[in-house]
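Listed here are the chains, written in short residue letters.
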Amino acid sequence: MSPAAAPLATSAARIEPAQLEGFDRGPRFAVWWLPSGRDPLGSVLCVQPIGAERAAARHALAAQAWRLARQGWAVLLLDLFGTGDSPGETADASLEGWRGDLLRAAMLARQRHAGPNVLWGVRAGALLAADIAVALDQLVDAYVFWQAPADGSVLATLPAGGDSLSPAMFAELAELHMQPPPVDERGATPAVLFVDSDETGAAHGGISPMVADLTEQWLEAGFAAMPRTVSVPPFWVPSDVPGNPGAWSSATSAALPAAMFLVTEEFLEVVR
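What you see is a predicted model; the values in this text were computed from it and never measured. (Residues numbered from 1 in each chain as written. Predicted model: local features only at pLDDT ≥ 70, side-chain atom pairs only at ≥ 80, totals over all residues. Heavy atoms only, no water.)

**Describing the overall build of the chain**
Now for step 1: Across its full length, the chain holds 6 helices and 8 strands.
Now for step 2: In the chain, buried positions account for 52% of the 272 residues.
Now for step 3: Contacts spanning at least 24 positions in sequence make up 76% of the contacts within the chain whose residues lie at least 6 apart. (Helix = DSSP H or I, 4+ residues; strand = E, 2+ residues; numbered from the N terminus. Buried < 20%, exposed > 50% of the residue type's maximum accessible area, 1.4 Å probe, protein only. Contact = heavy atoms within 4.5 Å.)

Written out as structure tokens, the structure is:
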């Protein structure tokens, strides 16, 4: 049996689409994955990738959210202003506006439970998650970063898809770095998981220099940071990108990042 098909010793989950209120320039479309028949033990706010990678990764993110909901977590995937099914055009988005969206979403996620709060950033979404971490001081108990870039220079290589960032927004995002926020010595030390992928399987558990550097930076800042490398296909890369035969498509469920699921779930099992 593959890891993705492994049984979960948990109850059922349910999906709850929502138009969340209280945001600037109208509501935001979001999807909750919630445990059925019990209160959530904690929340996980997913900060999705940017551009075409958001759509390409959506299936994998939904699969992970479903699994976490079955384990008792309330998982929230939010479409930021100008993306997905939320109002507005991407060209009219600003970094300040996206920060406001994520901070509001973090507050709404915390209201669903009385347990730990987790921020889960994927690809360029990891940069946005690290960026708002300062404003969420003492409110986040753990961070999960999937395939995090070192800085916003990664945006230069992202396919835009249907999302066309304005030059000003592009410049703002390009200045972001995966730098840790200050740690409040009065609170508990947040745990951090960096999950890196090696779709060829050549790493055999080895850590890339970039992820090793990021982990060291967060350790030095006072976080309980740990790196993991897993062998998974590039599920965030659109299937129509030339030279990417391993990208996920609706006909290739085997490309789901099962190893990423398991590493993330083992990490959150300790957090809970």
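**Some details on the environment of Ala188**
Now for step 1: On the secondary structure map, Ala188 appears in the loop between α4 (167-174) and β7 (191-197).
Now for step 2: Assessed through its relative accessible area of 71%, Ala188 is described here as exposed.
Now for step 3: Taking the C-alpha atoms as reference points, Ala188 and Phe223, separated by 35 residues in sequence, lie 9.6 Å from one another.

**Topic: the confidence of the model for the chain**
Now for step 1: Across the chain, the average pLDDT comes to 87, with 85% of residues at 70 or higher.
Now for step 2: Overall, residues 242-254 carries pLDDT values under 50, and its contacts beyond four positions in sequence, including any with other chains, amount to 20 contacts. (pLDDT = per-residue confidence, 0-100.)

**Some remarks on the side chain of Thr83**
Now for step 1: Topologically, Thr83 is positioned in the loop between β4 (73-78) and α2 (95-110).
Now for step 2: Using a relative accessible area of 7% as the deciding quantity, one classes Thr83 as buried.
Now for step 3: For Thr83, the side chain forms a polar contact with the main-chain oxygen of Leu80, separated by 2.8 Å. (Polar contact = N/O pair within 3.5 Å; in protein donor to acceptor, adjacent residues only side chain to side chain.)

**Observations concerning the sheet that holds strand β1 (residues 13-20)**
Within a sheet, adjacent strands bond to each other through the backbone by hydrogen bonds, running parallel or antiparallel.
Now for step 1: Read from one edge to the other, the open sheet built from 8 strands follows the order β1-β2-β4-β3-β5-β6-β7-β8, with strand pairing classed as mixed. Every interior strand has two partners, whereas the edge strands, β1 and β8 (224-230), have only one. Direction aside, the axes of adjacent strands within the sheet are offset by 20° on average. (Pairing = 2+ DSSP bridges. Axes fitted to C-alpha atoms, helices over the stretch in contact; angles between N-to-C directions.)

**Examining the packing of aromatic side chains**
Now for step 1: Evaluation of the coordinates by the stated rule reveals 11 aromatic pairs.
Now for step 2: Here Trp120 and Trp146 contribute two aromatic rings whose centre-to-centre distance is 5.0 Å and whose plane-to-plane angle is 70°, an arrangement assigned as edge-to-face. Here Trp120, found in strand β5 (residues 117-122), pairs with Trp146, found in strand β6 (residues 142-146); they are 26 residues apart in sequence, far enough to count as distant.
Now for step 3: Ring geometry for Phe145 versus Trp218: centroids 5.4 Å apart, planes at 65°, classification edge-to-face. In this pair, Phe145 is assigned in strand β6 and Trp218 in helix α5 (residues 209-220), connecting sequence segments 73 residues apart. Here the two residues Phe145 and Trp218 agree in accessibility, since each one is buried.
Now for step 4: Here the aromatic residues Trp120, Trp146, Phe235, Trp236 and Phe261 are joined through ring pairs into a cluster of three or more.
Now for step 5: Over the face of the ring belonging to Phe23 we find Arg104, whose NZ or CZ atom lies 5.9 Å from the ring centre. (Phe/Tyr/Trp six-rings, centres within 6.5 Å; stacked < 30°, edge-to-face > 60°. Lys NZ or Arg CZ within 6 Å of the ring centre and 35° of its normal.)

**Here's the deal with the nonpolar core**
Now for step 1: Ranked by size, the top nonpolar core spans 50 residues in total, and within it Leu128, Phe145, Met178 and Trp218 carry the most contacts.
Now for step 2: If we ignore the near neighbours within four places in the chain, the residues touching Leu128 are Val47, Ile50, Leu80, Leu95, Trp98, Leu102, Leu173 and Leu176.
Now for step 3: Core analysis: the second largest hydrophobic core is formed by 36 residues, Phe29, Leu61, Val237 and Leu256 among them. (Core = buried A, V, L, I, M, F, W, Y, C linked by side-chain atoms within 4.5 Å.)

**A few points about helix α1 (residues 52-70)**
Now for step 1: Here α1 spans 28 Å end to end across 19 residues, near enough to the 27 Å set by a 1.5 Å rise per residue.
Now for step 2: Maximum bend of α1: about 45°, positioned at Arg58.
Now for step 3: Taking burial as the measure, the 19 residues of α1 include 14 buried ones, the bulk of the element.
Now for step 4: Looking one or two residues past α1, Gly72 carries a phi angle of roughly 110°, positive in sign. (Expected span 1.5 Å × (residues − 1). Bend = angle between axes of the 7 residues up to and from the residue.)

**Some details on the environment of Leu214**
Now for step 1: Along the chain, Leu214 turns up in helix α5.
Now for step 2: With relative accessibility at 3%, the residue Leu214 sits in the buried group.
Now for step 3: Separated by 12 residues in the primary sequence, Leu214 and Met226 place their C-alpha atoms 9.7 Å from one another.

**Considerations on the pattern of salt bridges**
Now for step 1: Under the counting rule described, the total for this entry stands at 8 salt bridges.
Now for step 2: When the shortest N-O distance is used, the salt bridge between Asp79 and Arg58 registers 3.1 Å. In this pair, Asp79 sits in the loop between β4 and α2 while Arg58 sits in helix α1, placing the two residues 21 residues apart along the sequence.
Now for step 3: Judged by its relative accessible area of 2%, Asp79 falls in the buried class. (Salt bridge = Lys/Arg side-chain N within 4 Å of Asp/Glu carboxyl O.)

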